[in-house]
Amino acid sequence: MPLPSQVRIIDVGPRDGLQNEKQPVPAATKIELVRRLQDAGLKEIEVTSYVSPKWVPQMADNHEVMAGITRQAGVRYSVLTPNLKGWEAAALDRPDEIVVFGAASEAFSQKNINCSIAESIERFAPVVAAAKAAGVAVRGAMSCTVGCPYEGDIAPERVAYLAGLMKGIGVERVDVADTIGVGTPTKVQRAIEAAAQHFGIDQISGHFHDTYGQALANTLAALELGVWNFQSSIAGLGGCPYAKGATGNVATEDLVFMLNGMGIATGIDLDRLVDAGAYISDFLGRKPNSRTAVALINKREG
């Protein structure tokens, strides 16, 4: 199969990237980050989540952030909603898309949300129904699709099972996520093929962490199957709190640099993207977790 001629990137940095940061990030900083991302050309941005501030205090300012962003035509703003209460709070802020989630690992599901995979999807059914009734799109995040910190390798059949459950409640597209970054190209392709039993390739996105340096290789493996939607995080923000040593999402800067070099269009200005990553990294007091960003910044300064 020929590689896609274009790729759509969902930057999850403002939500998935920042939620694990211990130091508080003010709403104004998050709003500015979203502005810089959309000015760089991002057409999809995962902005915040509507979870209990007791569990994720970093996202307690969700209403303020959503009210403060300047929406651009053609940009989709998504939010994570863990339950019906979360949806009701999110609905007040008019997101373009909500994200519900499930794990392909029973152990991961039990240890982290205290229910089975099937039970977790049943909980999301009314959330999906309410969102769709309001004209809001629904995406399903499928975690641990190739590996789990508790179970180890995950069989493709488990991914197909989860994808089928999500399709059954009305989820419109899904993310195949290597949550702890243990995936390799063949394993990732098998997980994508499993998801494709229930969703078209246009409704599948790749979400890869770079714990073992495999995220870009896994992206190429997904491209070879025709996947053209991917998630990444500005400056490589984020990580998995459930697996010691697991690093963040693949950096958006690294992903765009690779795609540019392959002649695959993204519509993203790499220089502006690097500036956005430098902005949030400077606030956090560290360098961007992106070799591309560091190299281009050094080149500018040198």
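Along each chain, the written sequence defines residue order, and numbers are assigned to residues from 1. Whole-chain, interface and lining totals are the exception, using all residues; otherwise, since this is a predicted model, local features are given only for residues with pLDDT of at least 70 and side-chain atom pairs are given and counted only at 80 or more. In computing side-chain properties, one takes all heavy atoms of the structure into account and sets aside hydrogens as well as water.

(A) Spotlight on the layout of surface pockets. Space inside and on the surface of the protein is sampled on a 1 Å grid over the protein atoms alone, with a cavity defined as a set of points where a 1.4 Å probe fits but cannot get out and a pocket as an open set with protein on both sides within 12 Å along at least 5 of 7 lines; lining residues have an atom within 4 Å of a point. Grid points are joined across faces, edges and corners, and a volume is the space filled by probe spheres set on the points. By volume, the second largest pocket is sized at about 260 Å³. Taken together, 15 residues make up the lining of the second largest pocket; nearest its centre are Asp210, Asp254, Asn289, Ser290 and Arg291. Residues that form the lining of the second largest pocket fall into these classes: four nonpolar, eight polar and three charged. Only Asp, Glu, Lys and Arg are considered charged, only Ala, Val, Leu, Ile, Met, Phe, Trp, Tyr, Cys and Pro nonpolar, and every remaining residue, Gly among them, polar.

(B) Region of interest: the pairing of strand S10 (residues 229-232). Burial status follows relative accessibility: with a 1.4 Å probe on protein chains alone, a residue under 20% of its type maximum counts as buried, one over 50% as exposed, and anything between as partly exposed. We count a stretch as a helix when DSSP gives it H or I for four or more residues in a row; a strand needs E for two or more, and each element gets its number in order from the N terminus. Residues of S10 alternate between two faces, with Asn229 and Gln231 on one and Phe230 and Ser232 on the opposite face, all of them buried. Two strands pair under a simple rule: DSSP has to find at least two bridges between them. In this structure, strand S1 (residues 8-11) lies alongside S10, joined through four bridges in parallel fashion. Counted as the bridge partner of Ile10 is Gln231 from S10. Pairing of strand S9 (residues 204-208) with S10, which is carried by three bridges, proceeds in the parallel orientation. Bridge pairing links Gly206 to Phe230 in S10. Looking down the strands as they point away from you, a crossover is right-handed if its path from the first strand over the helix to the second goes clockwise. Between the parallel pair S9 and S10, the chain is carried across by helix H9 (residues 215-224), and the sense of this crossover is right-handed.

(C) Molecular detail of the sheet that holds S9. Strand order in the closed barrel formed by eight strands is S1-S2-S3-S4-S5-S8-S9-S10, and the pairing between neighbours is parallel. Averaged over all adjacent pairs, the angle separating strand axes in this sheet is 30°, with direction ignored. Of the pairings in the sheet, the one linking strand S4 (residues 97-103) to strand S5 (residues 137-143) comprises seven bridges and is parallel in character. From the neighbouring strand, Val99 faces S5, where its bridge partner is Arg139. Simply put, an axis is a line fit to the C-alpha atoms, just over the touching stretch for a helix, and the angle between two N-to-C directions goes from 0 to 180 degrees.

(D) Geometry of the pairing of strand S2 (residues 44-49). By the criterion of burial, S2 is predominantly enclosed, with six of the six residues buried. Two strands pair when backbone bridges link them, and S1 and S2 are joined in this way by two bridges, in the parallel orientation. Directly across from Ile10, in S2, lies its bridge partner Glu44. Sheet topology places S2 next to strand S3 (residues 76-80); five bridges connect them, and they run parallel. Bridge pairing in S3 links Glu44 to Arg76. On the question of chirality, the crossover connecting S2 to the parallel S3 by way of helix H3 (residues 62-68) is right-handed.

(E) Quick look at the packing of helix H5 (residues 106-113) against helix H6 (residues 117-133). Put simply, H5 and H6 touch, their axes get as near as 9 Å, and they point 60° apart. As the angle between them shows, H5 and H6 are arranged oblique. When H5 is examined against H6, the residues Glu106, Ser109 and Ile113 are found in contact with a partner set consisting of Ile117, Ser120 and Arg123. Among the residues making up the contact of H5 with H6, the classes are represented as two nonpolar, two polar and two charged. Here is the rule for angles: anything less than 35 degrees is roughly parallel, anything more than 145 is roughly antiparallel, 65 through 115 is roughly perpendicular, and the remaining ranges are oblique. Throughout, a residue-residue contact means that at least one pair of heavy atoms, one from each residue, lies within 4.5 Å.

(F) Quick look at helix H12 (residues 291-301). Within H12, the full set of buried residues consists of Thr292, Ala293 and Ile297. Down the axis of H12, the smallest arc covering the buried residues is 125°, so these residues share one side. Facing away from the buried surface of H12 by more than 90 degrees, the exposed residues are Arg291 and Lys299. Against the buried residues of H12 lie helix H10 (252-261) and helix H11 (270-284). It is the directions from the helix axis to the C-beta atoms whose arc is reported.

These figures capture arrangement, not role.
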